[in-house]
Amino acid sequence: MDKLRKFWRADKPADERGAPTAGGQKRTHNLFEAAAVYAAACAEDDQDEMDRARQWVSPEALSFGLSELACRAVIALARERDESPQEVARSLMGLPAA
């Protein structure tokens, strides 16, 4: 997992990848954290938070993280609703049942 994280962040300078911690050191964010913050910010229409999350990882990594988040969310909702993932995904997108 560490190699994957380094791969996704290789194109970002170190000062763009981290946020200060309580001790003043930079804390790096992983792609899943960036995706979670970005998705929540989108849901709340918080442009500043979306921009902040975009700075943590490359656009490709953010896209991958958002895709993984979407898959996990659909699976969780499908289990909760006792429906198939396809039914849940279509419902969330406002599409008619297949």
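Here, every reference points to the structure presented above.
Residues numbered from 1 in each chain as written. Predicted model: local features only at pLDDT ≥ 70, side-chain atom pairs only at ≥ 80, totals over all residues. Heavy atoms only, no water.

Visitor: Give me the overall build of the chain: which residues, what numbers.
Guide: Looking only at helices and strands, the chain features six helices and two strands. Helices and strands in the chain line up, N terminus first, as α-α-β-β-α-α-α-α. A total of 98 residues make up the chain; the buried ones form 23% of that total. Contacts in the chain between residues at least 24 apart in sequence constitute 42% of all its contacts with a sequence separation of at least 6. Carbon and sulfur atoms provide 54% of the accessible area of the chain, an area that totals close to 6,800 Å². (Helix = DSSP H or I, 4+ residues; strand = E, 2+ residues; numbered from the N terminus. Buried < 20%, exposed > 50% of the residue type's maximum accessible area, 1.4 Å probe, protein only. Contact = heavy atoms within 4.5 Å. Areas by Shrake-Rupley, 256 points an atom, 1.4 Å probe, with all protein chains shown as cover.)

Visitor: An account of the nonpolar core is requested, with residue identities and associated values reported.
Guide: Residues Leu31, Ala34, Ala35, Val37, Tyr38, Ala41, Met50, Ala53, Trp56, Val57, Ala61 and Leu62 constitute the largest nonpolar core, which totals 12 residues. Every element with two or more residues in this core is listed here: α3 (31-43), α4 (47-56) and α5 (59-81). (Core = buried A, V, L, I, M, F, W, Y, C linked by side-chain atoms within 4.5 Å.)

Visitor: An account of the packing of aromatic side chains is requested, with residue identities and associated values reported.
Guide: Going through the model one piece at a time under the given rule, you end up with one aromatic pair. Here phenylalanine 32 and phenylalanine 64 contribute two aromatic rings whose centre-to-centre distance is 6.3 Å and whose plane-to-plane angle is 50°, an arrangement assigned as tilted. One end of the pair, phenylalanine 32, is in helix α3; the other, phenylalanine 64, is in helix α5, and 32 residues separate them in sequence. When its relative accessible area of 33% is taken as the criterion, phenylalanine 64 is described as partly exposed. Over the ring of phenylalanine 32 we find arginine 72, and its NZ or CZ is 5.4 Å from the ring centre. (Phe/Tyr/Trp six-rings, centres within 6.5 Å; stacked < 30°, edge-to-face > 60°. Lys NZ or Arg CZ within 6 Å of the ring centre and 35° of its normal.)

Visitor: For the packing of α3 against α4, give the residues involved together with the corresponding values.
Guide: Two elements in contact, α3 and α4, have axes separated by 8 Å at closest approach and are oriented at 165°. On the basis of the axis angle, α3 is roughly antiparallel to α4. In this structure, the crossing between α3 and α4 has a hand that is left-handed. Of the residues in α4, those in contact with Glu33, Ala34, Val37, Tyr38, Ala41 and Cys42 of α3 are Glu49, Met50, Ala53, Arg54 and Trp56. Looking at the contact of α3 with α4 residue by residue, the class counts come to eight nonpolar, no polar and three charged. (Axes fitted to C-alpha atoms, helices over the stretch in contact; angles between N-to-C directions. Parallel < 35°, antiparallel > 145°, perpendicular 65-115°, else oblique. Left-handed = near helix turned anticlockwise from the far one by under 90°. Nonpolar A, V, L, I, M, F, W, Y, C, P; charged D, E, K, R; others polar.)

Visitor: Give me unusual backbone geometry: which residues, what numbers.
Guide: At aspartate 45, a position not held by glycine, the phi torsion is positive, near 55°. Mapped onto the secondary structure, aspartate 45 falls in the loop between α3 and α4. In this structure aspartate 45 comes out as exposed when scored by relative accessible area, which is 66%.

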